[in-house]
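Listed here are the chains, written in short residue letters.
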Amino acid sequence: MATIAILIGTQAGARLLAAASEREAALSAEAFLLRLPIRTLPAPLWVQCADPAVSGRLTGYLNALQAEQVRERDART
């Protein structure tokens with residue numbers, strides 16, 4: 001049973017990821033974000049979970065991951 005849902009917006013539409021654990025959610029969302037074209041970052045995302053601390057950690061982690069990707073992209077141009 002999924003306890004964490006992450007919705008990631010892309011140019012092609014929204015992608016909904018579901019996971020039973022915080023680690024699984026982080027890994028699947030990270031893998032998805034790293035496959036997106038770098039020019040499309042940062043992608044909007046929403047984390048839904050019964051535990052606000054988990055939602056906050058995942059949101060912060062995934063936003064920081066995207067910010068790092070954007071900084072690397074901008075440093076190359």
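My aim in this report is to walk through the structure given alongside it, one point at a time. (Residues numbered from 1 in each chain as written. Predicted model: local features only at pLDDT ≥ 70, side-chain atom pairs only at ≥ 80, totals over all residues. Heavy atoms only, no water.)

### Here we look at the overall build of the protein
Move 1: Each helix and strand counted, the protein has two helices and three strands in total.
Move 2: Walking the protein from its N terminus toward its C terminus, one meets helices and strands in the order β-β-α-β-α.
Move 3: In summary, the protein has a C-alpha radius of gyration of 12 Å against a globular reference of 11 Å for 77 residues, a match within 12%.
Move 4: Across its three principal axes, the protein shows a C-alpha extent of roughly 45 × 25 × 15 Å.
Move 5: When each of the 77 residues of the protein is scored for burial, the buried share is 32%.
Move 6: Counted over contacts in the protein with a minimum sequence separation of 6, partners at least 24 positions apart contribute 52%.
Move 7: Only carbon and sulfur atoms are counted for the fraction: they give 58% of the accessible area of the protein, which is about 4800 Å².
Move 8: Side-chain charges in the protein split into 8 positive and 7 negative, and the spacing between the mean points of these groups amounts to 7 Å. (Helix = DSSP H or I, 4+ residues; strand = E, 2+ residues; numbered from the N terminus. Rg over C-alpha atoms; globule rule 2.2 N^0.38 Å. Buried < 20%, exposed > 50% of the residue type's maximum accessible area, 1.4 Å probe, protein only. Contact = heavy atoms within 4.5 Å. Areas by Shrake-Rupley, 256 points an atom, 1.4 Å probe, with all protein chains shown as cover. Lys, Arg positive; Asp, Glu negative; His and termini not counted. Charge placed at Lys NZ, Arg CZ, Asp CG, Glu CD.)

### Here's the deal with the sheet that holds strand E3 (residues 45–49)
Move 1: The three strands lie next to each other as E2-E1-E3, forming an open sheet whose pairing is antiparallel. One side of each edge strand has no neighbouring strand; the edge strands of this open sheet are strand E2 (13–19) and E3. Put simply, the sheet's adjacent strands are angled 15° from each other on average, direction ignored.
Move 2: Bridge analysis of strand E1 (residues 4–10) against E2 gives seven bridges, and the strand direction is antiparallel. For isoleucine 4, the partnering residue across the bridge sits in E2 and is alanine 19.
Move 3: Each of E1, E2 and E3 touches helix H1 (residues 22–35); the most contacted strand, E1, lies at about 10° to it. (Pairing = 2+ DSSP bridges. Axes fitted to C-alpha atoms, helices over the stretch in contact; angles between N-to-C directions.)

### Observations regarding the pairing of E1
Across a regular strand the side chains alternate sides, sitting on one face of the sheet and then on the other.
Move 1: With antiparallel pairing between neighbouring strands as the criterion, E1 and E2 make up a hairpin whose turn holds two residues.
Move 2: In this structure, E1 lies alongside E3, joined through five bridges in antiparallel fashion. Following the sheet pairing, isoleucine 6 is matched in E3 by valine 47.

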